[in-house]
Amino acid sequence: MTGEPLYEGKAKKIFPADRADEYLVYFKDDATAFNGAKKGTIESKGQLNNAISAAFFELLAQAGVKTHFIRQVDANTSLVKKVAIIPLEVVVRNIAAGSLSQRLGWPEGQTLATPIVEFYYKDDALGDPLINNAHIAALGVATPSELAHLEAEGLKINRILTAYLLARGLKLVDFKLEFGRTGDGIVLADEISPDTCRLWDAQTNEKLDKDRFRRDLGGVEAAYQEIYRRLVLAKPIYKAKVAVRLKESVLDPQGEAILRALQSQGESGYKAIRVGKLIELVLEGDDLTDVQKKVAKLADDLLANPIMETYAVTVESFS
Ligand code: UDP
């Protein structure tokens, strides 16, 4: 991007777009932490976060979440709808970490009984303090019904992202959202990236986010690259179900036992019962047909006994 930005923040620059109701957002390589006290750059972060954030926003839009995102225009830049940012950071947490661990003494890594939504007042001079509903009402930054909407959206987005990330071997520990007002209501804005989420490898709990920069853990670029690889470069993920049934000609002692038990209880309405099994798989593939073929082969080779059983495969996109 060339020319003067309308606004330059810590990680992004905002430029005018062709249309007056849109902006171009340029993602920078600059990184800051602790309210700007720690500064640095992360090589290629701008490009990686632009692509990762686009993938998240597209996923959320498909799931019916209203967002500011329109499309990526080049490696570092995306086109978005112009919004008036609500000065609240909506943080959703699944696992204790960061400021929550410090505030309540909960060890990092402790899974929370239910997700927690918190609001922070976006004010650099005050250090973005944690605030509650009464503070928000007194500040006049959102009405009670808007606040209820932000909380519900936060929890909905958490459900969508948690499932999506887990399918890609990542735990969503916590994340920060920002929302903005448009003529068309409140929409999700800003970015969702390793700068604004804590993401841990699901197997090893290795940190793959900005905590590597905040805490000088090393391997910062590699962590952002890994998230990009798993979310943007990897093949799509599908959910397949294999329903295995005994062939009609094969006797089913299990089904007969259930039938007899029902009949002995005086339930005379049941005429036949046959027991099968349902196997659910989450796997990556090029497309539905590719996955259908792969799973059918697996069913032939391993899941069903071709002498006694038949099977049916169904495949759908998984988050
Ligand atoms: N977060 C953010 N911007 C902020 C503060 C927090 O994106 O200004 C994100 C952060 O990356 C983490 C979550 O919000 O995923 C919760 O952060 P926390 O309150 O634990 O604060 P931190 O330890 O990051 O200072």
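Described in the following lines is the structure provided in the data block. Note that the structure is a prediction, hence the values are computed from the model and not measured.

### Description of the layout of surface pockets
- Quantified by volume, the second largest pocket comes out at close to 220 Å³.
- Around the second largest pocket, the lining residues are Ala55, Glu58, Leu59, Gln62, Tyr164, Arg168, Leu231, Val232, Ala234, Lys235, Pro236 and Ser319.
- At the level of secondary structure, the elements contributing two or more residues to the lining of the second largest pocket comprise helix H1 (45-62) and helix H6 (220-233).
- At 4 residues, H1 tops the list of elements feeding residues into the lining of the second largest pocket.

### Points about the sheet that holds strand E6 (residues 69-74)
- Read from one edge to the other, the open sheet built from 5 strands follows the order E1-E2-E3-E7-E6, with strand pairing classed as antiparallel. The outermost strands of the open sheet, each flanked by one partner alone, are strand E1 (7-8) and E6.
- Where H1 meets the sheet, its contacts fall on strand E3 (22-27), E6 and strand E7 (77-81), and the angle it forms with E6 comes to roughly 150°.

### Structural notes on the side chain of Glu146
- Counting through the fold element by element, Glu146 comes out in helix H4 (residues 144-166).
- Taking the relative accessible area as the measure of exposure, Glu146 reaches 19% and is therefore buried.
- Residues contacting Glu146, with those up to four places away along its chain left out, are Val141, Arg181 and Ile186.

### Thoughts on the nonpolar core
- Core analysis: the biggest nonpolar cluster contains 48 residues, and Leu88, Phe119, Ile157, Leu161, Leu165, Phe179 and Ile192 have the highest contact counts within it.
- Take this core: its biggest share by element is 8 residues, from H1.
- With residues near it in sequence (within four places) discarded, Ile192 still touches Ile52, Ser53, Phe56, Phe57, Leu60, Leu161, Leu177 and Cys197.

### Quick word on the sheet that holds strand E15 (residues 237-246)
- If you trace the 3 strands from one edge of the open sheet to the other, you get E16-E15-E17, paired in antiparallel fashion. Edge strands, defined here as strands with exactly one partner in the open sheet, are strand E16 (277-284) and strand E17 (309-317). Averaged over all neighbouring strand pairs, the angle between strand axes comes to 20°, with direction disregarded.
- Of the strand pairs in this sheet, E15 and E17 are connected by 9 bridges, and their pairing is antiparallel.

### What to know about the site of the ligand
- Taken together, 16 residues sit near the ligand, with Arg93, Ser99, Asp174, Arg198 and Arg214 positioned nearest.
- Within the contact set of the ligand, an oxygen atom lies 2.7 Å away from a side-chain nitrogen or oxygen of Arg93.
- Its free accessible area being 500 Å², the ligand has 78% of it covered by the protein chains.
- At the level of elements, strand E9 (88-95), helix H2 (98-104), strand E12 (170-182) and strand E14 (197-201) are the ones that each hand at least two residues to the shell around the ligand.

Conventions adopted
Residues numbered from 1 in each chain as written. Predicted model: local features only at pLDDT ≥ 70, side-chain atom pairs only at ≥ 80, totals over all residues. Heavy atoms only, no water. 1 Å grid on protein atoms, 1.4 Å probe; cavity = no way out; pocket = protein on both sides within 12 Å on 5 of 7 lines; lining within 4 Å. Points joined across faces, edges and corners; volume = space filled by probe spheres on them. Helix = DSSP H or I, 4+ residues; strand = E, 2+ residues; numbered from the N terminus. Pairing = 2+ DSSP bridges. Contact = heavy atoms within 4.5 Å. Axes fitted to C-alpha atoms, helices over the stretch in contact; angles between N-to-C directions. Buried < 20%, exposed > 50% of the residue type's maximum accessible area, 1.4 Å probe, protein only. Core = buried A, V, L, I, M, F, W, Y, C linked by side-chain atoms within 4.5 Å. Near = heavy atom within 4 Å. Polar contact = N/O pair within 3.5 Å; in protein donor to acceptor, adjacent residues only side chain to side chain. Areas by Shrake-Rupley, 256 points an atom, 1.4 Å probe, with all protein chains shown as cover.

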